[in-house]
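# Descriptive structure summary
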Amino acid sequence: MSRFSTLLLKEYWENQKTLLWMPVALTLAIWLLSALFISNGTVSIHISGNVQAPRLPVMPFLALPFFLCAGLAAITYCGNCFVEERRDRSIVFWRSLPVSDIETVAAKAATALVLLPVISYLAGLLAQLPVAILLTHLGNMTWPEVLATMAQQGEHFIWLSILMAPYSGAMMLLSVLTNRPLLWMLVGPIVIFIGESLLLNGHPVSQLLFGQMTKEILMVLGSLIGQPMLGQGANWVTSGALLSTTWSMISGLAMAAIFWGLCAEVRRRRLIKD
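Since the structure is predicted, the reported quantities are computational estimates derived from the model, not experimental observations. (Residues numbered from 1 in each chain as written. Predicted model: local features only at pLDDT ≥ 70, side-chain atom pairs only at ≥ 80, totals over all residues. Heavy atoms only, no water.)

### Description of the overall build of the chain
Within the chain one finds 11 helices and 0 strands. In the chain, the succession of α and β elements from N to C terminus is α-α-α-α-α-α-α-α-α-α-α. The proportion of buried residues among the 274 residues of the chain is 43%. Put simply, the chain shows about 15,000 Å² of open surface, and 72% of that area lies on carbon and sulfur atoms. (Helix = DSSP H or I, 4+ residues; strand = E, 2+ residues; numbered from the N terminus. Buried < 20%, exposed > 50% of the residue type's maximum accessible area, 1.4 Å probe, protein only. Areas by Shrake-Rupley, 256 points an atom, 1.4 Å probe, with all protein chains shown as cover.)

### A look at the pattern of salt bridges
Here the structure, examined in full by the defined rule, presents 6 salt bridges. Salt-bridge contacts for E103 lead to R3; the nearest nitrogen and oxygen are separated by 3.3 Å. Of this pair, E103 sits in helix α5 (residues 101–138) while R3 sits in helix α1 (residues 3–14); the two residues are 100 residues apart in sequence, bridging distant segments of the chain. The exposure class assigned to R3 is partly exposed, which follows from its relative accessible area of 46%. Between E11 and K108 there is a salt bridge whose closest N-O contact spans 2.8 Å. Here K108 lies in helix α5 and E11 lies in helix α1, a separation of 97 residues in the sequence. Each member of the pair, E11 as well as K108, carries the same accessibility label: buried. (Salt bridge = Lys/Arg side-chain N within 4 Å of Asp/Glu carboxyl O.)

### Observations concerning helix α8 (residues 181–199)
Most pronounced at V187, the bend in α8 amounts to some 45°, and the proline P189 follows within four residues. Listed in full, the buried residues belonging to α8 are P181, G188 and E196. (Bend = angle between axes of the 7 residues up to and from the residue.)

### What about the environment of V105?
Tracing the chain through its elements places V105 in helix α5. Along the chain, V105 and L7 lie 98 residues apart, while their C-alpha atoms are 9.8 Å from each other.

### Structural notes on the nonpolar core
In terms of nonpolar packing, the biggest core is built from 47 residues, with M59, F82, V105, M172, I217, W260 and C263 touching the most fellow members. Breaking this core down by element, the ones donating at least two residues are α3 (58–87), α5, α6 (143–163), α7 (165–177), α9 (204–230) and α11 (242–269). Here this core gets 12 residues from one element, more than from any other, and that element is α3. Apart from residues lying up to four places away in sequence, C263 is in contact with F82, V105, G169, M172, L173 and V176. The next biggest cluster of nonpolar side chains, apart from the first, holds 7 residues, and it includes Y12, L19, A73 and L116. (Core = buried A, V, L, I, M, F, W, Y, C linked by side-chain atoms within 4.5 Å. Contact = heavy atoms within 4.5 Å.)

### Some details on a nonpolar patch on the surface
Nonpolar side chains collect at one region of the surface, where L28, W31, L126, L129, I133, W143 and L147 lie side by side and expose about 670 Å² of accessible area between them. Taken together, the elements giving at least two residues each to the nonpolar patch come down to α2 (16–40), α5 and α6. Per element, the largest residue contribution to the nonpolar patch is 3 residues, and it comes from α5. Here W31 is to be found in helix α2. Taking the relative accessible area as the measure of exposure, W31 reaches 35% and is therefore partly exposed. (Patch = residues over 30% accessible without salt bridge, like charges linked within 9 Å, V, L, I, M, F, W, Y side chains within 5 Å.)

### Some words on the confidence of the model for the chain
In this model, the chain carries a mean pLDDT of 76, and residues with pLDDT of at least 70 account for 74%. When pLDDT is averaged over each helix and strand of the chain, the minimum, 43, is found for helix α10 (residues 232–240) and the maximum, 89, for α5. Predicted confidence is poor over residues 229–240, with pLDDT under 50, and the contacts of this stretch with residues over four places away or in other chains come to 8 contacts. (pLDDT = per-residue confidence, 0-100.)

Shown next as structure tokens:
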């Protein structure tokens, strides 16, 4: 087993509550709610008065909580990942092994941007499976439509994971610099805005992180629900914004790479304090 996969496994075992049990608990909650709706006969909803009107997209609505949960879990994990190793002094043990700070930071970044979304996505598929079986049984959907919907959700998870990269990188940097990263997450935007006002002619960082990035994330989440309801109209809207979103993803990944590099350098230089 490679050192990087070992580091990923370490992150998984140390953060099972966030990475595994939160999605599992959400899946069980969705199953319970689905059973209640099925027992009441309210799973399939048609818009009255128009036979050709689009059906309410039940599956995307069931998947939406997993997107929100994955984003919240990623921010929480990134905010605590370096604080915990200083708090329990495990950093002393890991520094005694032939593992570089860059590898450690890369493993934590991969945990937040790859491992967590994959687990959340699979949990979301399991949560939707009973409703998908019922919808196909009732004739509301075919299995190709179900598989296409699930594949589309996978694409949305990839987009959102990349768009969340600069936020995850910023939280990791706060985690390695301070002992209260979640507090600084709230204060940080104000500090950045004031600093840009004093030093720069404009607010490029604030506009990118809190303006453009947030707009793109909301657009992707909206298209998760909007595409099944609006069909080709929503596809056209998403395609029209593709260039803007792609640029946001590239610039966001570049900013995240800077944050990750700073994390590795600060972690390398930081003295362990009692």
